[in-house]
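# Notes for the structure review
Residue-level listing of the chains:
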Amino acid sequence: MASASPIDYINIEEDRPSSILVDEIIDEFVAITDYPSHRHNFQELIWIKSGYGTHIIDGVRYSLTPLDLALVGRGQVHKMEEAFGTNGYYIRFTDDFLKEETQILTRLFDPGTINNTISVPESEAQDFEQLLKLLVSEYLKEASFGKFTVLRHFLTALLVKAERYSRLTKAHNTQFEMANYQIYRQFTVLLEEHFRIQHDVGFYAKEVNLTPAQFSKLLHQIVGKTAKRLILERNLLEAKRYLQFTEMSVKEIATTLGYADPYHFSKLFKKAEQLAPQSYRQQWLKK
């Protein structure tokens, strides 16, 4: 029987103690079976300069084409499916590496709003690549004064540009600029830590010193969803990961996610996905 944490996490790089890894992609060719699905223990940016391919994030297949910037968030299930002569760069970093830039990290990598593919405008591509080259150059230097400070500034600039391009390609919720943004950020951190055992809005509201009604109203203003809905969606996302990538039974998944009654869990899942959990798994396996 499968265990409760069956999707392996990968770290930045086992032989590197640094909380950032920067590398170049040179004529990469990937066969469909080369890499298993895995979770990320870090945030990742993948910049495609040339070539093409596909990768899968939380069960959704995304194309990789020139001038694409792919974002893979910490905790997402990722698999590089195919690559045909791809060139570019990838950057992996932990949240701690940019601990002073929590707002931009949340705006770009929030589980509920992440835009996994950002198109870099052709007119901006040269400047964007130059910034990446500076990042790589600094990263490859031997230990030197201020190295990680410089890397943080380059990476922050890169993320700001990425957010700028994202705003050009999708409607941006201006409510992120509200003073209450920090409460939302606090909630997302709490949710990642407790979603398997705490499904009650009251628990999270108490942690941020609001009443449940005030808390849900605030979240609805920021992301257009109530606290109850966000908690449920986080659990459903994890359930879909287990259904897609493990052999855990529905009962085991329900228990792992803190639902004492598997029937109740199945009912919630079916209402949200229009499919019972087992039917969802069967449909996924046919893809």
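Let us look at the structure shown here. (Residues numbered from 1 in each chain as written. Predicted model: local features only at pLDDT ≥ 70, side-chain atom pairs only at ≥ 80, totals over all residues. Heavy atoms only, no water.)

### Considering the overall build of the chain
Helices and strands together make up the secondary structure of the chain, namely 10 helices and 8 strands. Relative to its 287 residues, the chain shows a buried fraction of 47%. A separation threshold of at least 6 residues defines the contact pool for the chain, and within that pool the share at least 24 residues apart is 72%. In the form shown here, the chain has an accessible surface area of approximately 15,000 Å², with 52% of it arising from carbon and sulfur atoms. (Helix = DSSP H or I, 4+ residues; strand = E, 2+ residues; numbered from the N terminus. Buried < 20%, exposed > 50% of the residue type's maximum accessible area, 1.4 Å probe, protein only. Contact = heavy atoms within 4.5 Å. Areas by Shrake-Rupley, 256 points an atom, 1.4 Å probe, with all protein chains shown as cover.)

### Observations regarding the nonpolar core
As a rule of thumb, soluble globular proteins bury nonpolar side chains together. Core analysis: the largest hydrophobic core is formed by 39 residues, its most contacted members being L45, I91, F93, L155 and L159. Listing elements by their share of this core, those giving two or more residues are β2 (20-30), β4 (43-57), β6 (68-72), β7 (77-93), α1 (102-109), α2 (122-140) and α3 (147-169). Among the elements that take part in this core, α2 stands out by supplying 7 residues, more than any other. For L155, the contacting residues outside a window of four places in its chain are I20, L45, I91, F93, F97, L98 and L135. Grouped together as the second largest cluster of nonpolar side chains are 34 residues, Y184, V208, I231 and L232 included. (Core = buried A, V, L, I, M, F, W, Y, C linked by side-chain atoms within 4.5 Å.)

### Here's the deal with helix α10 (residues 277-285)
The periodicity of an α-helix, 3.6 residues per turn, causes residues three or four places apart in sequence to face the same way. Of all the positions in α10, only P277, Y280, R281 and W284 are classed as buried. One face of α10 carries all of its buried residues, which in axial projection span an arc of 100°. As for α10, its buried residues are in contact with α7 (227-245), α8 (250-256) and α9 (262-273). (Arc of directions from axis to C-beta.)

### Quick notes on the environment of N41
Looking at the element boundaries, N41 is found in the loop between β3 (38-40) and β4. Classification of N41 by relative accessible area gives partly exposed; the value is 35%. As for N41 and Q76, which are separated by 35 residues in sequence, their C-alpha atoms are 8.7 Å apart.

### Concerning the pattern of salt bridges
Counting across every chain of the model gives 17 salt bridges. Note that R241 is salt-bridged to D58, the shortest N-O span being 2.7 Å. Separated by 183 residues along the polypeptide, R241 in helix α7 and D58 in the loop between β4 and β5 (60-64) bring together distant segments of the chain. An identical accessibility class is assigned to R241 and D58; each is buried. We note a salt bridge from D95 to R74, for which the minimum N-O separation is 3.0 Å. Here R74 lies in the loop between β6 and β7 and D95 lies in the loop between β7 and α1, a separation of 21 residues in the sequence. R74 gets classed as partly exposed once you look at its relative accessible area, which sits at 41%. One network of salt bridges, with partners in common, ties together R39, D58, E192, R196, R234, E238 and R241. (Salt bridge = Lys/Arg side-chain N within 4 Å of Asp/Glu carboxyl O.)

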